[in-house]
Amino acid sequence: MTREPLLVCFLCLLGVALGLFLVRGRAVHAQGAADWPQWGRTAQHSGFSPAVGQSPSAQLADITFDPFVAQEQAEAGGDLLAHYQAPLVDGSNVLIEVKTGTYVSCQPPGSGHPFPCGPDAWNQEIWNERAYAWQGSTLVQSWNFQSDWKPEPNGGALGGWEPVFHAALGGGFVYVPGFAGSIYKLNESDGTQVAQYKPFSTDDPNTYVSGPLTIDPRGNVYYNLVKLNGTNPWGSNVQGAWLVRVTAQGVVHTASYKTLVPGAPTTCNGRPCGSQRPGINVAPALSPDGKIVYTVSVAHFAADFGYVVAANSNLTAKWNTAIHGLISGADPLVADMSSSTPAVF
């Protein structure tokens, strides 16, 4: 069987700044299509860009997108444990994640008390997708969309690392993660809501859009879902996990990871494995022809028992390869505190 060349990248998107800093180099020609419409720029997540490299010479804008950095650092002994959306660029438009709401600090910071606080209360924050546009030499806000998306709970298992909220651009629309596994479709021009796509008939607050959205040139959107136990999310087995496809026409398809990774082991190094689910912060990747979807799964209780998973574009299973034992003397981890997003080269 012929397989697309695939590299599983273990990427850690550590946000290290209070805001978005834009700098000026020499002028370059516009790229035509969206300059950076999603995680890794393309649906293959290769990170390649046709833009000409520039030497920064002047700061053009300074925009705060996370006002809680000082509090977050205080909880982590000075470190900033957050994953941020890459700025999405389409011509003169720039879209960024902006956090609002409330950050509940622990007293004292880092103590975990009074519970819930710090990373255990990050569901009190609000995630927004905010658009800016260049007007002359000034970057001006165009619109703001407040999402009801919430990250998976910390519960100690994520080590205080905040999961990523990550939208995608395509066809004049912006697709934004939402509540209970849903996503929103917005007009890129003014941020107005076109639709909300829900994979299930009922809203379950323990079902999460997990990781960035991926969009192909035809306007199909792919992403991962995970359903956790509401009272013991990391100590009890995962309640469900799905790969989702929303077509350009708004038709929602799902595939359970039980069907994508059949026959996964139930015992890992003498302990229960838990069911396979997507790694936190994993964005599905697509083959260049759009016929194959790649993702990465992990046993809920065993980070060293993961799989690289391939599905057909209609989400039927194609193949999977176990990561455990793949490298002699070392077992790669699908680490929920970072990202194990695949990239196709």
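Residues numbered from 1 in each chain as written. Predicted model: local features only at pLDDT ≥ 70, side-chain atom pairs only at ≥ 80, totals over all residues. Heavy atoms only, no water.

1. Some remarks on the overall build of the chain
If you tally the helices and strands in the chain, you get 2 helices and 23 strands. In summary, the chain has a C-alpha radius of gyration of 20 Å against a globular reference of 20 Å for 345 residues, a match within 12%. Taking the principal axes of the C-alpha coordinates as reference, the chain spans close to 60 × 55 × 45 Å. Within the chain, the fraction of its 345 residues that count as buried is 49%. Long-range contacts, defined here as pairs at least 24 residues apart, represent 63% of the contacts in the chain between residues at least 6 apart. For the chain, the separation between the mean place of its 17 positive charges and that of its 24 negative charges on side chains is 9 Å. (Helix = DSSP H or I, 4+ residues; strand = E, 2+ residues; numbered from the N terminus. Rg over C-alpha atoms; globule rule 2.2 N^0.38 Å. Buried < 20%, exposed > 50% of the residue type's maximum accessible area, 1.4 Å probe, protein only. Contact = heavy atoms within 4.5 Å. Lys, Arg positive; Asp, Glu negative; His and termini not counted. Charge placed at Lys NZ, Arg CZ, Asp CG, Glu CD.)

2. What about the pairing of strand 10 (residues 183-187)?
Counting buried residues along strand 10, 4 of its 5 residues qualify, which places the element largely inside the surrounding structure. Sheet topology note: the strand 9 (residues 173-177)/strand 10 ladder contains 5 bridges and is antiparallel. Paired with Phe173 across the strands is Asn187, a residue of strand 10. Between strand 10 and the antiparallel strand that follows it, strand 11 (residues 193-197), lie 5 residues; Gly191 among them carries a positive phi value of about 80°. (Pairing = 2+ DSSP bridges.)

3. Concerning the side chain of Glu162
Looking at where Glu162 falls in the secondary structure, it is placed in the loop between strand 7 (138-146) and strand 8 (168-170). Setting aside residues no more than four positions away along its own chain, Glu162 makes contact with Glu72, Leu81, Ala82, His83, Glu97, Lys99, Trp122, Glu125 and Trp127.

4. Quick word on the sheet that holds strand 8
Spatial ordering of the open sheet is given by 8-9-10-11, a layout of 4 strands whose pairing is antiparallel. Each edge of the sheet is formed by a strand with only one pairing partner; in this case those strands are strand 8 and strand 11. Across the sheet, the axes of successive neighbouring strands diverge by a mean angle of 20°, strand direction being ignored. (Axes fitted to C-alpha atoms, helices over the stretch in contact; angles between N-to-C directions.)

5. What to know about the sheet that holds strand 5 (residues 93-101)
Strand order in the open sheet formed by 4 strands is 4-5-6-7, with antiparallel pairing between adjacent strands. Lying at the two open borders of the sheet, with one neighbouring strand each, are strand 4 (88-90) and strand 7. Strand after strand, the sheet turns through a mean of 30° between neighbouring axes, direction not considered. Across 8 bridges, the pairing between strand 6 (residues 125-135) and strand 7 is antiparallel.

These figures capture arrangement, not role.
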